[in-house]
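# Descriptive analysis of the structure
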Amino acid sequence: MCDSFERANKRLVLSQMTSEKPPLPADGQRDESEAGLEVEQVALEAARDGWDSKVEYFLAQVGFSVGLGNVWRFPYLCHQNGGGAFILLYVLLMGLVGVPLFFLELAAGQRIRQGSIGVWRHISPKLVGIGYSSCVVCFFVALYYNVIIGWSIFYLGSSFQYPLPWENCPTEGNDTVKECAASSPTAYFWYRKALDITDSIDETGELNPIITGCLLAAWVIVCLAMYKGIKSTGKVMYFSSVFPYVVLLCFLIRGVTLDGASEGIKFMFYPRLEIWADVQVWRQAATQVFFALGLGFGSVIAYSSYNPRNNNCHRDAFTVSGVNFMTSVLATLVVFAVLGFRAKTIATECVKRSVKMICECLILKHIIMPEVPYMYIFQKRYDFPSISLAFIAFTEAMTLFPGSPFWSALFFLMLLNLGLSTMFGTMAGILTPLTDTFKTLRNHKLLFTACSCVVGFLIGLTFTQRCGNYFVTMFDDYSATLPLIIVVIFQTISVAWVYGADRFLEDLKRMLDRPVPVVYKYLWKYVCPAAMLGLLGASLLKMILERPTYTAWNREKASKENLPYPDWALAVLSALIIVAFLPVPIGYIHFLLLERLGQSPADAEAGYVPCATTDIDLTPLGTLPPSGDDPNSFPPLLHENHGSRLQNGHIEHFESSNEL
């Protein structure tokens, strides 16, 4: 056995000198090593937390991937981009890009059983910065996403009134408030009562006390749900992941019975294939696939790392992706049915007013009033930013429902649960890789979780200013999109080209005990990188050719207007993109510096001088044989002058002379 290990060492040294990847072990070598490896894996899995059941894991993955974007962003994009044509394009990109990349993250996390930092360090120490970039992006997203959850809490509390506070315009004396009369009750309540928004991002304004309190409540809920890691999160998922489907089905049953719902649904499915010629539509569809599955956040990797290694993650990739897509379609059916009803109501009121005017004017002259299709009103009436779909358009339609407070409370309770289930996954994308990497954080996990939530709340106060909604839009549009695209490009290249697609498929074959379709090799190596590079190029071109703008609310005009970001805001959003991506080059430079000093990154972190030339992070899992005749022992790298112990699913190293 020692001779075989020495031969393996020589091959690895020679392959590193020639810049070639070490070959997969031969069948005989694999048989010799797998007995010890299986013992090692059992010990690691016993030390690391795990899901109490497959149901908890599945609900957690579905809860993270199915979020607020399924309820408002996907219906909004369908509304803006050709209805059925956009859905067909979305399905195409989901199959070619979304599912393969989702499977890649599931498999990497389950195989290596670490968070995003540990996974990409194992693939290649040069690319450890990918994991840190994922953590930074998760932190940016958590900051503003919890603000949206706070808005949902505010609307949920406001729903327990009859009539609903956004059903009618308030009055000042005997007159209706001018701003409300010039817009609508729902728009006035959103912009003035909920946000008390300023006219531009340059006007900061004081903190909004009500929204600040709702943000605090949101962070307290997240902290309480995360304090025991997946042990507490998994139990919460039984409600937070299932309840939204109950609400959506109730709304669908109620919606299809409304007058005008059928026309709204027809508008949704009618395919306008000419939109496929628009590059920006492809960009929006790819971005939606990207965010719908939560690619690049590290949360998918974190959740799958708690699975047993024999879990069928290939089937999970298709199941979770399918549930995600069907949820988007279900939510879009509900939205289009309800908005179709609202559009017909508006059209009917318009016709009544027109008939009255005609009757009054017939005495003077003959007037012919052309008929305007009310779906035209549907298309033009709801030309809104996607985030306003839930808080303006849908709330306006619900005021016409019998028992509107009940439906409103149900709707915003659904939004709250959708947001929280995604927020739990986002926080897991931060906490899991950092606690896996740093022993101090792992030993004080509860304190680290609480401190993270406190820091998130304090920074989140930026979004509770009167101009906070504009910062939410900025973070939503720029803090995650470009950095995550870059992260996923590096992830795909690191697996398909640095580690090797053939080696990865061979690892998965041993892990799943069944072959993985070879088509993934070509999807990971060629199709996915090309698609992501195209998405990155289209996004960069849009930013370069068009100055970034945001939608502001003008109080005097009582209407929305698009304003360009000021120079200082452009500097902020540029800094967000740079900070999120910066760990990737820093990690690479750090590796090169350690290499010049004669240390590998794993050695530097463990705090000892290497006694062998094998770099564990560059070695496939199946090629690490046990030392000597003891199947429970680890390679000599961990024994010579050093001790080792199992802690939270990976090996902690220490010098024997310093710690026993």
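Residues numbered from 1 in each chain as written. Predicted model: local features only at pLDDT ≥ 70, side-chain atom pairs only at ≥ 80, totals over all residues. Heavy atoms only, no water.

Further remarks concern the overall build of the chain. Along the chain, the regular secondary structure elements total 27 helices and 6 strands. Across the chain, contacts joining residues at least 24 apart in sequence account for 81% of those joining residues at least 6 apart. Surface exposure of the chain reaches about 27,600 Å², of which carbon and sulfur atoms provide 63%. (Helix = DSSP H or I, 4+ residues; strand = E, 2+ residues; numbered from the N terminus. Contact = heavy atoms within 4.5 Å. Areas by Shrake-Rupley, 256 points an atom, 1.4 Å probe, with all protein chains shown as cover.)

The subject of this paragraph is the packing of helix H6 (residues 116–123) against helix H7 (residues 129–158). Between H6 and H7, the least distance of the axes is 7 Å, while the angle of their chain directions is 160 degrees. Put simply, H6 runs roughly antiparallel to H7. Read as a crossing pair, H6 and H7 show a hand that is right-handed. Two secondary-structure elements touch here, H6 through Ser116, Ile117 and Trp120 and H7 through Ile130, Gly131, Tyr132, Ser134 and Cys135. Tallied by class, the residues present in the contact of H6 with H7 amount to 5 nonpolar, 3 polar and no charged. (Axes fitted to C-alpha atoms, helices over the stretch in contact; angles between N-to-C directions. Parallel < 35°, antiparallel > 145°, perpendicular 65-115°, else oblique. Left-handed = near helix turned anticlockwise from the far one by under 90°. Nonpolar A, V, L, I, M, F, W, Y, C, P; charged D, E, K, R; others polar.)

This next bit is on the UniProt feature "binding site: Na(+)" (unreviewed entry) in the chain. Under the feature "binding site: Na(+)" (unreviewed entry), the UniProt entry names Gly63, Val66, Asn70, Asn324 and Leu418. Look at the named residues: they lie 356 residues apart in sequence, but the longest C-alpha span between them is just 12.3 Å, so in the fold they bunch up. Along the chain, Val66 falls in the loop between helix H3 (54–65) and helix H4 (68–80). Note on Val66: relative accessible area 2%, which makes it buried. (UniProt positions renumbered as here; feature names shortened; annotations may be inferred. Buried < 20%, exposed > 50% of the residue type's maximum accessible area, 1.4 Å probe, protein only.)

Attention now goes to the pairing of strand S4 (residues 559–564). When strand S3 (residues 549–554) meets S4, the two strands line up antiparallel, connected through 6 bridges. Directly across from Trp553, in S4, lies its bridge partner Lys560. In textbook terms, the turn of a hairpin is the stretch between consecutive antiparallel strands, and for S3 and S4 this stretch comprises 4 residues, one of which, Ala558, has a positive phi near 55 degrees. (Pairing = 2+ DSSP bridges.)

Before going further, it helps to spend a moment on the environment of Ser53. Mapped onto the fold, Ser53 is located in the loop between helix H2 (27–47) and H3. Measuring from C-alpha to C-alpha, the distance between Ser53 and Asn307 comes to 9.4 Å, with 254 residues separating the pair along the chain.

Take helix H11 (residues 230–240) next. Residues of H11 that are buried: Ile230, Ser232, Thr233, Gly234, Met237 and Ser240. Packing partners of the buried residues in H11 comprise H3, helix H10 (209–226), helix H12 (243–256), helix H15 (299–304) and helix H19 (404–437).

Across all of its chains, the model carries 1 disulfide by this definition. In this model Cys451 remains outside any disulfide bridge; the closest cysteine sulfur is found in Cys223, 9.2 Å from its own. The thiol of Cys453 is not disulfide-bonded; the next cysteine sulfur, from Cys223, is found 4.2 Å away. (Disulfide = S-S within 2.5 Å.)

Further remarks concern H10. Its 18 residues give H10 an end-to-end C-alpha distance of 26 Å, which sits within 8% of 26 Å, the value for a rise of 1.5 Å per residue. Buried within H10 are the following residues: Ile211, Thr212, Cys214, Leu215, Ala218, Trp219, Val222, Cys223, Ala225 and Met226. (Expected span 1.5 Å × (residues − 1).)

Bringing the packing of aromatic side chains into the picture now. If you walk through the whole model with that rule in mind, you get 50 aromatic pairs. Seen in terms of ring centroids, Phe394 and Phe411 are 4.6 Å apart; in terms of plane orientation they differ by 20 degrees. Their pairing is stacked. Placement of the pair is Phe394 in helix H18 (residues 388–398) and Phe411 in helix H19, with a sequence separation of 17 residues. On the numbers, 6.4 Å between centres and 85 degrees between planes, the contact of Tyr499 with Phe504 is edge-to-face. For Tyr499, a relative accessible area of 2% translates into the label buried. (Phe/Tyr/Trp six-rings, centres within 6.5 Å; stacked < 30°, edge-to-face > 60°.)

Following the sequence through the fold, Ile489 ends up in helix H23 (residues 481–512). According to the relative accessible area criterion, Ile489 is buried, its value standing at 8%. C-alpha separation for the pair Ile489 and Leu533, spaced 44 residues apart in sequence, amounts to 7.3 Å. In this view, Ile489 contacts Met532, Leu533 and Leu536; residues no more than four positions away in its chain are not counted.

The next point concerns the pattern of salt bridges. Under the defined criterion, the tally for this structure stands at 14 salt bridges. Ionic pairing is found between Asp476 and Arg73, a salt bridge with its closest N-O pair at 3.1 Å. On the criterion of sequence distance, the pair formed by Asp476 in helix H22 (residues 468–479) and Arg73 in helix H4 is long-range, its members being 403 residues apart. Under the relative-accessibility criterion, Arg73 is labelled partly exposed at 24%. The residue Arg466 makes a salt bridge to Asp196 at a minimum N-O spacing of 3.5 Å. Of this pair, Arg466 sits in the loop between helix H21 (445–460) and H22 while Asp196 sits in the loop between helix H9 (185–194) and H10, placing them 270 residues apart in sequence. Of the residues examined, Asp196 reaches a relative accessible area of 25% and is grouped as partly exposed. (Salt bridge = Lys/Arg side-chain N within 4 Å of Asp/Glu carboxyl O.)

Moving on, we come to the environment of Leu536. Along the chain, Leu536 turns up in helix H24 (residues 519–545). Overall, the relative accessible area of 15% leaves Leu536 in the buried class. With residues near it in sequence (within four places) discarded, Leu536 still touches Leu482, Ile485, Ile486 and Ile489.

Attention now goes to unusual backbone geometry. Leaving glycine out, the prevailing phi sign among residues is negative, and the prevailing peptide bond configuration is trans. Here Tyr162 and Pro163 are connected by a cis peptide whose omega angle stands at -5 degrees. The residue Asp196 is not glycine, and still its phi comes out positive at about 45 degrees. Despite not being glycine, Ala558 has its phi angle at roughly 55 degrees, a positive value. Among the secondary structure elements, Ala558 is positioned in the loop between S3 and S4.

What follows is about the packing of H12 against H19. Viewed as axis vectors pointing N to C, H12 and H19 meet at an angle of 145 degrees, and their least axial separation amounts to 9 Å. Crossing hand, H12 versus H19: left-handed. Of the residues in H19, those touching H12 at Phe243, Pro244, Val247, Leu248, Cys250, Phe251 and Arg254 are Trp407, Leu410, Phe411, Leu413, Met414, Asn417 and Leu418.

Summarising the element assignment, Thr198 is placed in the loop between H9 and H10. A polar contact is formed between the side chain of Thr198 and the backbone oxygen of Ser200, at a distance of 2.8 Å. Within polar-contact distance, the side chain of Thr198 engages the backbone oxygen of Glu203 at 2.9 Å. Here Thr198 is in contact with Glu203, Thr204, Arg466, Cys467, Tyr470 and Trp553, once residues within four sequence places are set aside. (Polar contact = N/O pair within 3.5 Å; in protein donor to acceptor, adjacent residues only side chain to side chain.)

Let's shift gears to the confidence of the model for the chain. Summary statistics for the chain give a mean pLDDT of 79 and a share of 78% for residues scoring 70 or more. In the model, residues 374–383 has pLDDT below 50 throughout and makes 33 contacts with residues more than four positions away in sequence or in other chains. Note that residues 603–660 has pLDDT below 50 and, in this model, 139 contacts with residues that lie over four places away or in other chains. (pLDDT = per-residue confidence, 0-100.)

Turning our attention to the side chain of Asn417. As for its position among the elements, Asn417 is in helix H19. A residue is classified by how much of its surface remains accessible, and Asn417, at 5% relative accessible area, is buried. Apart from residues lying up to four places away in sequence, Asn417 is in contact with Phe239, Ser240, Phe243 and Pro244.

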